[in-house]
Amino acid sequence: RLDEIGVPKVVAGERGAPTTKDRAVRGFYDAKAVMRRVEHWADATDGAKGVGPFTKYIWRPIKDAVNAYRIDRNKYVKKYVELLKQVVLPEGKIESKELDYTFGNANGGIGKAELLGALMHTGNDSNKKKLLVGRGWGSINEDGTLDSSRWDAFVARMIKQGVLTKSDFDFVQATWDLLEEVKPIAQKAHRSIFGFYFKEIEATPFTNEFGTFRGGYVPAKTDAFIVRDAQRQSKMEELEGDFRNSMPSTGMGFTKGRVEYNKPLSMDVRLVTKHIDDVLRFAHVQPAIKDVLRILKNRGFSDKLSRIDPTVVEEMLIPWLNRAARQITSEPG
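Position numbers for residues start from 1 in each chain and track the written sequence from start to end. Only residues with pLDDT of at least 70 are given local features in this predicted model, and only at 80 or more are side-chain atom pairs given and counted; all residues enter the totals for whole chains, interfaces and linings. Side-chain figures throughout are based on the complete set of non-hydrogen atoms in the structure, without hydrogens or water.

### Concerning the overall build of the chain
Formally: Only DSSP runs of H or I covering at least 4 residues are called helices, and only runs of E covering at least 2 are called strands; the numbering of each starts at the N terminus. Throughout, exposure labels follow a simple rule: accessible area from a 1.4 Å probe, protein chains only, divided by the maximum for the residue type, with under 20% read as buried, over 50% as exposed, and the rest as partly exposed. Values of accessible area rely on a 1.4 Å probe in the Shrake-Rupley scheme; residue burial ignores everything except the protein chains shown.
Counting its secondary structure elements, the chain contains 13 helices and 6 strands. The buried share among the 333 residues of the chain stands at 39%. Carbon and sulfur atoms provide 53% of the accessible area of the chain, an area that totals close to 18700 Å².

### Some remarks on helix α4 (residues 53-85)
What counts is decided by this rule: By this rule, a helix spans an expected 1.5 Å times one less than how many residues it contains. Here the bend at a residue is taken as the angle between two axes, fitted respectively to the seven residues that end there and the seven that start there.
Across its 33 residues, α4 extends 47 Å between first and last C-alpha, which sits within 8% of the 48 Å expected from 1.5 Å per residue. Its maximal kink placed at R60, α4 deviates by approximately 45 degrees, while the proline P61 follows within four residues.

### Looking at the environment of L132
The condition is simple: Contacts are residue-level and defined by heavy atoms, with any inter-residue pair within 4.5 Å sufficient.
Inspection of the secondary structure assignment puts L132 in helix α6 (residues 125-135). The exposure class assigned to L132 is buried, which follows from its relative accessible area of 0%. Setting aside residues up to four positions removed in sequence, L132 forms contacts with W137, G138, L146, S148 and W151.

### Brief notes about the nonpolar core
When a protein is soluble and globular, its nonpolar side chains tend to lie buried together. For clarity, the threshold we go by: Here, nonpolar core means buried Ala, Val, Leu, Ile, Met, Phe, Trp, Tyr and Cys residues that are tied together by side-chain atoms lying within 4.5 Å of each other.
By size, the foremost hydrophobic cluster in this structure holds 67 residues, and its most contacted members are W41, W151 and L317. Those residues in contact with L317 that lie beyond four places of it in its chain are V38, W41, I58, L296, L305 and V312.

### As for the packing of helix α5 (residues 111-119) against helix α7 (residues 149-160)
Two numbers describe a pair of packed helices, the interaxial angle and the distance between the axes. Heads up, the rule is: To obtain an axis, a line is fitted to C-alpha atoms, over the contacting stretch when the element is a helix, and the angle between two such axes runs from 0 to 180 degrees between their N-to-C directions. In what follows, roughly perpendicular refers to angles from 65 to 115 degrees, roughly parallel to angles under 35, roughly antiparallel to angles over 145, and oblique to any angle outside these ranges. A clockwise turn of the near helix away from the far one marks a right-handed crossing, whereas an anticlockwise turn of less than a right angle marks a left-handed crossing.
Packing of α5 against α7 brings their axes to within 13 Å, and their N-to-C directions diverge by 130 degrees. Comparing the axis directions of α5 and α7 gives the class oblique. In the packing of α5 onto α7, the handedness of the crossing is left-handed. Residues L115, A118 and L119 of α5 touch α7, and the partners they reach there are W151, F154 and M158.

### Quick look at the packing of aromatic side chains
For clarity, the cut-off: Stacked, tilted and edge-to-face are the three classes assigned to paired rings of Phe, Tyr and Trp, where Trp is represented by its six-membered ring and a pair needs centres within 6.5 Å; plane angles under 30 degrees give stacked, over 60 edge-to-face, the rest tilted.
In this structure the tally under the stated criterion is 16 aromatic pairs. An angle of 20 degrees between the planes, with centres 6.0 Å apart, marks the rings of W59 and W320 as stacked. Of the two residues, W59 sits in helix α4 while W320 sits in helix α13 (residues 312-326), which places them 261 residues apart along the sequence. Judged by its relative accessible area of 13%, W59 falls in the buried class. Between F169 and F210, the ring centres sit 5.8 Å apart and the planes meet at 45 degrees, which makes this aromatic pair tilted. Of this pair, F169 sits in helix α8 (residues 166-194) while F210 is found in the loop between β5 (206-208) and β6 (211-213), placing the two residues 41 residues apart along the sequence. For F210, a relative accessible area of 25% puts it in the partly exposed group. Among the aromatic residues, those joined into a cluster by ring pairs are Y101, F103, W137, W151 and F154.

### Comments concerning the pattern of salt bridges
As a reminder of what qualifies: Salt bridge, as used here: a side-chain nitrogen of Lys or Arg that lies within 4 Å of a carboxyl oxygen of Asp or Glu.
Counting across every chain of the model gives 16 salt bridges. Here R1 ties to E4 by a salt bridge, and the two come within 3.0 Å at their closest N and O atoms. Residue classification places R1 among the partly exposed residues on the basis of a relative accessible area of 33%. Note that D268 and R270 form a salt bridge whose closest N and O atoms lie 2.7 Å from each other. Judged by its relative accessible area of 24%, D268 falls in the partly exposed class. Through salt bridges with shared partners, one network takes in R73, K274, D277, D278 and R281.

### So, helix α3 (residues 38-46)
Which entries qualify depends on this criterion: By construction, the arc corresponds to the directions joining the helix axis to the C-beta atoms.
Those residues of α3 not exposed but buried are V38, W41, A42, T45 and D46. Seen end-on, α3 carries its buried residues on one side only, within an arc spanning 130 degrees. Here the buried face of α3 lies against α1 (2-5), α4, α12 (299-308) and α13. Once α3 ends, the next one or two residues include G47, with phi positive near 95 degrees.

### As for the packing of α4 against helix α11 (residues 271-296)
For the record, the criterion: The residue classification treats Ala, Val, Leu, Ile, Met, Phe, Trp, Tyr, Cys and Pro as nonpolar and Asp, Glu, Lys and Arg as charged. All others, Gly included, are polar.
The interhelical angle for the contact between α4 and α11, taken along N-to-C directions, is 170 degrees, at an axis separation of 9 Å. Viewed along their axes, α4 and α11 adopt a mutual orientation that is roughly antiparallel. Here the residues of the contact of α4 with α11 sort into 20 nonpolar, 2 polar and 4 charged.

### Considerations on the confidence of the model for the chain
As a reminder, the rule being used: A residue's pLDDT is the confidence the predictor assigns to it, expressed on a 0 to 100 scale.
Mean pLDDT over the chain works out to 84, with 80% of the residues at or above the 70 mark. When the criterion is pLDDT under 50, residues 238-247 qualifies, and its contacts beyond four places in sequence or with other chains add up to 10 contacts.

### What to know about unusual backbone geometry
At D100, a position not held by glycine, the phi torsion is positive, near 55 degrees. Relative to the elements of secondary structure, D100 occurs in the loop between β1 (94-96) and β2 (101-103).

### A short note on the environment of E98
Let me state the cut-off plainly: Here a polar contact means two N or O atoms within 3.5 Å. Within protein one must be a hydrogen donor candidate and the other an acceptor candidate, and residues neighboring in sequence count only if both atoms are side-chain atoms.
Considering the arrangement of structural elements, one finds E98 in the loop between β1 and β2. Residues E98 and A153, spaced 55 residues apart in sequence, show a C-alpha to C-alpha distance of 7.2 Å. Each residue touching E98, except ones within four places of it in the same chain, is listed here: R150, A153, F154 and R157. Here the side chain of E98 touches R157 through a polar contact of 2.6 Å, side chain to side chain.

In structure tokens form, the structure reads like this:
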């Protein structure tokens, strides 16, 4: 199709330094690329015959992937909202002498919401260890096992006093099951991109007065207010913005293997929706972005396209892919 349009044999700057006029024309192309919608550009580049390769292989795969992501995201976030509606969250702080901690200093004084956020980290040995050791609520025995006696005593008291009920543990298990439900979608995408499945965290069953629960996983996000290196890492990632612009990615932190890093974990139940969003965005959008990038990285294609329009790849297509990957409408700055 580019050959049909006509690839210039000579472009500005090849037979002499670019003139003021050449630079002005390039500035026009820059402005045009920034303001133009990719859909309209693809349609115009395909020509009067209708849908062609630019729409079929560049625009539509990303559009369809984003649509699929949004449908799934709304579906699973709605499921989580429905689960939350069934939980009784009375106002009031919860004092724990066992842990020397007060649940509910934030969250509008709803201590139970924070307590449920902590419970979500007890569905597997890895998260539980990070939670208790990181918060100073537990310790590591000489044999390497976790001493969770203080936490266990606190939870037992909450059950005895009726603060934690069977419906609360059912909610936590349902949340684990919901995240387990979206995991195969991410595994399929990860294998298609990298050729292997990411390592999964194994659930740890537990039993209490209300029965036996299978356990499960929620993202082990550190508390950014307490853990300063989490904030430093965030700032450093901002400095890598130019690199991310050249390599669009949805992010895949949830697929990375665990390391021995026991710092205070966040107990915000709202982070579950962020995790759902991250997983589904990666699963649906990243494979499509990889396919389009393979086209843009093809030297023969990109060279011809740049001779026709010298700014379309750097100023329009790469930023567009980056916005599609991250689902944001503007770049930092």
